[in-house]
Amino acid sequence: MAELTDYRARFPILAKTTYLISHSLGPMPAEAENRLAEYAHSWNTSGARAWGEGWWELPMTVGDRVARLIGAPPGSTVMHQNVTIAEAVVLSCFDFQGERRRIVYEEENFPSVRYLQQAQRAHGAEIVVCPDEEAIVAAIDERTLLVPISHVIFRTGRIQDVEPIIRRAHEVGAHVVLDAYQSVGTVPLDVTALGVDFAVGGSVKWLCGGAGAAWLYVRPDLAEWLEPTLVGWQAHKRPFAFEPDLEYADGAARFLTGTPNVPALYAATAGYDIVEEAGIQRIRANSVRQTELLVGLLDEAGFDVVSPREPERRGGSVVVRTPDFESVHGALDARDILCDFRPDVGLRFGPHFFNTDDEIELAVSAMKEIVGRGATMPAPAGTG
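Fair warning: this is a prediction, and the values are worked out from it, not measured in the lab. Here the residue numbers are simple positions, counted from 1 along each chain's written sequence. Given that the model is predicted, a residue must reach a pLDDT of at least 70 before its local features are reported, and side-chain atom pairs must reach 80 or more before they are shown or counted; all residues, however, enter totals for whole chains, interfaces and linings. With hydrogens and water excluded, all non-hydrogen atoms of the structure serve as input to the side-chain values.

A. Seen up close, the packing of helix α10 (residues 280-300) against helix α12 (residues 357-371). Whenever a helix is involved, its axis is fitted only over the stretch in contact; in every case the axis is a line through C-alpha atoms, and angles between N-to-C directions fall within 0 to 180 degrees. For helices the rule is a DSSP run of H or I covering at least 4 residues; for strands it is a run of E covering at least 2, with both sets numbered from the N terminus onward. At their nearest, the axes of α10 and α12 sit 10 Å apart, and the two run at 25° to each other. Between α10 and α12, the angle is such that the two are roughly parallel. When you trace α10 past α12, the crossing you get is right-handed. Residue-level inspection shows Arg289, Gln290, Leu293, Leu294, Leu297 and Leu298 of α10 in contact with α12, the latter providing Asp357, Ile360, Glu361, Val364 and Met367. Classification used: nonpolar for Ala, Val, Leu, Ile, Met, Phe, Trp, Tyr, Cys and Pro, charged for Asp, Glu, Lys and Arg, polar for all others including Gly. A breakdown of the residues in the contact of α10 with α12 according to their chemical character gives seven nonpolar, one polar and three charged. Any angle that falls under 35 degrees is termed roughly parallel, while one over 145 is termed roughly antiparallel, one within 65 to 115 roughly perpendicular, and all others oblique. Should the near helix be turned counterclockwise from the far one by less than a right angle, the crossing is left-handed, whereas a clockwise turn marks it as right-handed. Contact criterion: two residues are considered in contact whenever any of their non-hydrogen atoms come within 4.5 Å of each other.

B. Representation of unusual backbone geometry within the structure. Of note in the backbone geometry, Phe242 takes a positive phi value of approximately 50° without being a glycine. Structurally, the position occupied by Phe242 is in the loop between α8 (220-223) and α9 (262-278). Under the relative-accessibility criterion, Phe242 is labelled exposed at 59%. Its identity as a non-glycine residue notwithstanding, Asp324 has a phi of 50°, on the positive side. Inspection of the secondary structure puts Asp324 in the loop between β10 (318-321) and α11 (325-334). For each residue, the accessible area found with a 1.4 Å probe, counting protein chains only, is set against the maximum for its type, and the residue is called buried under 20%, exposed over 50%, and partly exposed in between.

C. Inspection of α12 at higher detail. Given a helix with a known number of residues, its expected span is that number minus one, times 1.5 Å. When the terminal C-alpha atoms of α12 are compared, their 22 Å separation across 15 residues agrees well with the 21 Å that a helix rising 1.5 Å per residue should span. Residues Glu359, Ile360, Ala363, Val364, Ala366 and Met367 constitute the buried set of α12. In an axial view of α12, the angular spread of the buried residues amounts to 155°, which keeps them on one side of the axis. Counted as exposed and oriented over 90 degrees from the buried face of α12: Asp358 and Glu369. Buried residues along α12 sit in contact with β1 (18-19), α10, β10, α11, β11 (337-338) and β13 (346-349). Of the residues one or two after α12, Gly372 is the one with positive phi, at around 95°. An arc is given here, and it is the one of the directions from the helix axis to the C-beta atoms.

D. The arrangement of the pairing of strand β7 (residues 198-202) in detail. Among the five residues that make up β7, five are buried, leaving the element largely enclosed by the rest of the structure. At least two bridges found by DSSP between two strands is the condition for calling them paired. The pairing of strand β6 (residues 175-179) with β7 spans three bridges and is classified as parallel. Within β7, the residue paired with Val177 across the bridge is Phe198. As defined by bridge partners, β7 adjoins strand β8 (residues 214-218) across five bridges and the pair is classed as antiparallel. Within the sheet, the bridge partner assigned to Val200 lies in β8 and is Leu216.

Dropping the structure here:
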């Protein structure tokens, strides 16, 4: 079996940058360019016939490739353009006019889906915002309809304890929507073992699949009777019969909408293949080791680590606060050390399986030079 750093050769940008930003945008595999060329060749040579040569089925066939990475059965996962659309399809299954109309979510959810959830007030939803997972469990009651939560918090890289939330939601008949965008590809996830109702994620980050390819998992028993109202012709049982009335497709296919984003789906599979080949468990073990190395080096340098210190609670990224971290980010970028920052939080570093320990040491050394030795650091902010 190949060493994890052997995969570096498959990502061209690694030859010229210290790429520690996979939590935001994973690097492009060289194979993705080949698959985009394959898409272009198919369009150029087959024209409209390409739909019958595999294009039309891509939201399901690519979804099956994601399913293998998240512990889902075949036929339970479909592809969309982004997570907001995927969650909007889920929301469209439910009526917020009855007694059970609460959406209970956490304030640390990613803003895009928070905005979507808040917008449901116009349809009668009651929104309950909680500070953490313990508060979510306490807030869930018989009035709760949906509980959208994050597997890993995007600001701090904290892995949430989602099992008590799922258990409590199911006790009262509520449904959980698990956002696994910041976990899949670096933190193991088994949606079947969790019994989660819905899960969403995308290809932009740890899966190294690029933009425009998000996924939606629907628990198979739910997919047989739920009827989304945000629907399109791909969700029809016989789409090419062009019938005037809607008849839902079987299973998760009824959660599709209109014409798929074909080039994005071609490109995304290149990243999925590499992650699957490398192995999620190996990737996770390496991630725990390297984030521990990174935290230790940051501590030695006197920087304020915001992410959890317990490896079992830390996802693939490490967040650290420095004086004037926005300027530090710009100075690192000028040295081709790629990371990012979030307002009011700090710098985010996301080493992935192809990164070397030397790159992590280089990044921290550069930070020390940029900030200056002996700089006065802000008071510790806790573990987030």
